Amino acid sequence: MSFEVIVIGSGIGGLTAAALLGRYHKRVLVCESHAIAGGAAHSFTRRGFTFDSGPSFYCGLGNQRPSLNPLRQVLDVLGESLQVVSYDPLGHYHFPEGSFPVYCDAQRYREAVAEITPQGAKELAQFEQRLLSLYDCLKDIPTIALRADWRLIPILLSNYLPTIVKMLPQLGIIQGSVGKVMDQYVRDPWVRRLIDLECFLLSGLKAHGTVAPEVAFMLGERSRAGVEYPVGGSGAIVAALVRGLQHWGGELRLNTHVEQILVAEGKVLGVRLRNGEVIEAPVVISNATLWDTYTKLLQEEDLPPSYRQSSLATPAVDSFMHLHLGIQAEGLEQLTGHHVVVQDANKDITEPGNTCMISIPSVWDRNLAPEGHHVVHVYSLEPYADWCRDELYQEKKKMRSQPLLCALERIIPDIRERIVLELIGTPLTHAHYLRRYQGTYGPAIAAGKGLFPGYQTPIKGLYRVGDSTMPGIGVPAVAASGILCANTLVD
Ligand SMILES: Cc1cc2nc3c(=O)[nH]c(=O)nc-3n(C[C@H](O)[C@H](O)[C@H](O)COP(=O)(O)OP(=O)(O)OC[C@H]3O[C@@H](n4cnc5c(N)ncnc54)[C@H](O)[C@@H]3O)c2cc1C
């Protein structure tokens, strides 16, 4: 069988682009190196426990319509549905001085802040109002309607002119940082730390590094649509995309590592797999990171030297330490699912091990763990450069997992006695299983310091999707990258 499009990688960005192109009647093949589809969003199972390898925080995936989540819009176009569980508060933030519930409901959220700092709550309300006015404009244009070339202009003018006019006064903050908005409205140090933390959780950067629309969307979506967890875990989202891909005639091959993208005279010819097989196609879309695509999949001479050099100079967010645990659930009936623990107030929130994210999804979906047990994922940023597989590796792994366990003790004090299964992941594990350059979370492109690159490359027929392309990191964002790429490749 011949293919019109080959997609390298089955991350959410790759699957979205592939499934949509299938829907547009293209003959599509997805080559995934791993045995499980989904990339950072895959689920895996050990001894009856189903773990999310990465994301667990989602908005707008359920039945509410219209949904502003680009992933939901894609699933709608594919005719796929998901079962979700809604919950509120969306999480608890645990600072050294005390814990704080974060509600989707904007009023309850502000009331909870007011109990700590009444003046801060007022400032937070002004800050939110400013960002929500941006959200109110952006939300009127569904991502599924967009493309990334000049043909977007007539679409916007004929369908969304009033929204464009409404957006004009917002142009100043669209590319600006959240930090700028925060500086304008918020003096209170407690609220400033809260905003920095929420930005860090989203982008891996604090408020001055995070672009305003990203946080505007997060605030708007969580107060409007609420947060949800997909029944079956993040793997259920991947399964829905794969079903959609296959329903529309696309093919997914697992354990199929692409060794090289074949290029001649500036034009893509297809790919060569690790087993030597060559598959030809006039269009190749890489869902590997920009660093992996440009160093591992292409030959140096395939790209203009200055383009290659400036692309590879893109800074990367750190990798992760992960702890995946199966634990005994007895006596934990009041347990909630999401927690963020900041361990030391004197250290920066971005310091490795200082901010730990905890997700206990069996609180929402009991089937993720055997009866009487919970499934737990704790993770924190960790630099890749400090790691190598030498004789000290096992010992270091154990040692570096300790801050994660300490964080978890804030939620479940006797956690160490409850563990029945423990899997520790290092930046090397993350890089290996996700096939990602240095196990990075994604590009660290700070607001005002550049834009995420688009879907095009200097090679004719070669495109890129995923979290190192516009609009950036996170499941909704990479789904948007897949939409932009797929829509632009068709009329
Ligand atoms: C710990 C963690 C928690 C997160 N939490 C959230 C969250 O709660 N909410 C949220 O929205 N986002 C979250 N994110 C971010 C989100 O998961 C990612 O931004 C997104 O899933 C990345 O998708 P992607 O399309 O860029 O592809 P990736 O997930 O990077 O997938 C790329 C795929 O390409 C494959 N591949 C690479 N090279 C080759 C090759 N040569 N041949 C064949 N296949 C190849 C890989 O195996 C992989 O499957 C989290 C991320 C992490 C790591």
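Here the structure is a predicted model, which is why all the values come from computation and not from measurement. (Residues numbered from 1 in each chain as written. Predicted model: local features only at pLDDT ≥ 70, side-chain atom pairs only at ≥ 80, totals over all residues. Heavy atoms only, no water.)

K.L.:
In this structure, what is going on with the overall build of the protein? I would like to understand it.
P.N.:
Scanning the protein from N- to C-terminus turns up 18 helices and 20 strands. Counting every position in the protein, which comprises 491 residues, the buried fraction comes to 57%. Split by element, the accessible area of the protein, about 20400 Å² in all, is 54% carbon and sulfur. Each charge class in the protein can be summarised by its mean position, and for the 44 positive and 50 negative side chains these summaries are 4 Å apart. (Helix = DSSP H or I, 4+ residues; strand = E, 2+ residues; numbered from the N terminus. Buried < 20%, exposed > 50% of the residue type's maximum accessible area, 1.4 Å probe, protein only. Areas by Shrake-Rupley, 256 points an atom, 1.4 Å probe, with all protein chains shown as cover. Lys, Arg positive; Asp, Glu negative; His and termini not counted. Charge placed at Lys NZ, Arg CZ, Asp CG, Glu CD.)

K.L.:
Could you clarify how one ought to interpret the side chain of R222 in this entry?
P.N.:
By secondary structure assignment, the location of R222 is in helix 10 (residues 212-224). Of the polar contacts made by the side chain of R222, one reaches the side chain of E198; its length is 3.0 Å. Contact partners of R222, with chain neighbours within four places excluded, come to C59, L90, V102, Y103, C104, Y109, E198 and V227. (Polar contact = N/O pair within 3.5 Å; in protein donor to acceptor, adjacent residues only side chain to side chain. Contact = heavy atoms within 4.5 Å.)

K.L.:
Can you walk me through the layout of surface pockets in this structure?
P.N.:
Rolled over the atoms, a probe sized like a water molecule indicates the empty space that remains. Of the volumes computed, that of the second largest pocket is approximately 380 Å³. Lining the second largest pocket are 18 residues, with F44, R46, H324, T429 and Y433 sitting closest to its centre. Mapped by element, the contributors of at least two residues to the lining of the second largest pocket are strand 3 (43-46), strand 15 (319-328), helix 14 (393-400), strand 19 (419-425) and helix 17 (427-434). The greatest single-element share of the lining of the second largest pocket, amounting to four residues, is contributed by helix 17. Among the residues forming the lining of the second largest pocket, the class breakdown is seven nonpolar, eight polar and three charged. (1 Å grid on protein atoms, 1.4 Å probe; cavity = no way out; pocket = protein on both sides within 12 Å on 5 of 7 lines; lining within 4 Å. Points joined across faces, edges and corners; volume = space filled by probe spheres on them. Nonpolar A, V, L, I, M, F, W, Y, C, P; charged D, E, K, R; others polar.)

K.L.:
Explain the domain arrangement of the protein to me, please; I cannot follow it from the model alone.
P.N.:
Interfaces are often sized by the accessible area lost when the parts come together. Split by domain assignment, the protein resolves into domain 1 (5-41 + 233-314 + 443-488), domain 2 (84-229) and domain 3 (319-438). Each of domain 1 and domain 3 has a C-alpha centre, and the two are 29 Å apart. In this assembly, nine residues from domain 1 lie in contact with seven residues from domain 3. The junction of domain 1 with domain 3 conceals about 780 Å² of combined surface from both sides, 56% of it contributed by carbon and sulfur atoms. For the pair domain 1 and domain 3, the interface holds one salt bridge. (Domains from an automatic or database assignment. Buried area = accessible area lost by both parts, 1.4 Å probe. Salt bridge = Lys/Arg side-chain N within 4 Å of Asp/Glu carboxyl O.)

K.L.:
Would you take a moment to explain the site of the ligand for this structure?
P.N.:
As a matter of local geometry, the ligand sits amid 36 residues, with G13, E32, A40, R436 and D467 nearest to it. Coverage of the ligand by the protein chains reaches 94% of its 1000 Å² of free accessible surface. Sort the elements by how many residues they give to the shell around the ligand and helix 18 (residues 475-488) lands first, with three residues. Here the residues of the shell around the ligand are counted per class, giving 17 nonpolar, 15 polar and four charged. (Near = heavy atom within 4 Å.)

K.L.:
Mind showing me how you'd approach the nonpolar core here?
P.N.:
The tendency in soluble globular proteins is for nonpolar side chains to be buried side by side. In terms of nonpolar packing, the biggest core is built from 68 residues, with F100, F127, L131, L194 and I195 touching the most fellow members. The element best represented in this core is helix 4 (residues 118-138), accounting for eight residues. Here F127 is in contact with V178, V181, M182, Y185, V186, I195 and L219, once residues within four sequence places are set aside. Counting 40 residues, the second-largest nonpolar core is a separate cluster that includes Y58, I237, A240 and V242. (Core = buried A, V, L, I, M, F, W, Y, C linked by side-chain atoms within 4.5 Å.)

K.L.:
Would you mind going over the sheet that holds strand 6 (residues 84-87) with me for this structure?
P.N.:
The strands that make up a sheet pair up through hydrogen bonds in the backbone, lying either parallel or antiparallel. If you walk across this open sheet you meet the three strands as 5-9-6, and the pairing is antiparallel. Two strands bound the open sheet, and with one partner strand each, they are strand 5 (58-59) and strand 6. When strand 6 meets strand 9 (residues 227-230), the two strands line up antiparallel, connected through four bridges. When the bridges of strand 9 are listed, V84 appears paired with P230. (Pairing = 2+ DSSP bridges.)

K.L.:
Looking at this model, I keep getting lost on the pairing of strand 9. Mind explaining?
P.N.:
Side-chain positions along a regular strand alternate between the two faces of the sheet. Where burial is concerned, the two faces of strand 9 agree: the one with V227 and Y229 and the one with E228 and P230 are both buried. Across two bridges, strand 5 lies against strand 9 in antiparallel orientation. Pairing of C59 across the sheet is with V227, part of strand 9.

K.L.:
Is there a simple way to think about the pattern of salt bridges in this case?
P.N.:
Close approach of charged atoms allows side chains with opposite charge to pair. For the structure shown, the criterion picks out 24 salt bridges. As a salt-bridge pair, E251 and R253 come within 2.9 Å of each other at their nearest N and O atoms. Of the residues examined, E251 reaches a relative accessible area of 28% and is grouped as partly exposed. Looking at R253, the relative accessible area reads 23%, which means it is partly exposed. For R418, the salt bridge is made with D414, and the minimal N-O distance between the two is 2.9 Å. Of the residues examined, D414 reaches a relative accessible area of 29% and is grouped as partly exposed.

K.L.:
Even after reading the chapter, I still don't get a nonpolar patch on the surface, so can you show me in this structure?
P.N.:
There is a patch of nonpolar side chains on the surface, built from W150, I153, L157, L161, V165, L168 and L171 and spanning about 750 Å² of accessible area. Mapped onto the nonpolar patch, the elements with two or more residues apiece are helix 5 (152-159) and helix 6 (161-167). Secondary-structure assignment places W150 in the loop between helix 4 and helix 5. (Patch = residues over 30% accessible without salt bridge, like charges linked within 9 Å, V, L, I, M, F, W, Y side chains within 5 Å.)

K.L.:
I keep staring at the sheet that holds strand 20 (residues 462-464) and nothing clicks. Help me out?
P.N.:
Read across the open sheet, the five strands follow the order 10-2-1-14-20; overall the sheet is parallel. A strand with exactly one partner marks an edge of an open sheet, and here the two such strands are strand 10 (251-253) and strand 20. This sheet shows a mean twist of 20° between the axes of neighbouring strands, independent of strand direction. Strand direction decides the pairing type here: strand 2 (residues 28-31) and strand 10, joined by three bridges, are parallel. Within strand 10, the residue paired with C31 across the bridge is R253. Lying over the sheet, helix 1 (residues 12-23) contacts strand 1 (5-8), strand 2 and strand 14 (283-286), oriented at roughly 165° with respect to strand 2. (Axes fitted to C-alpha atoms, helices over the stretch in contact; angles between N-to-C directions.)

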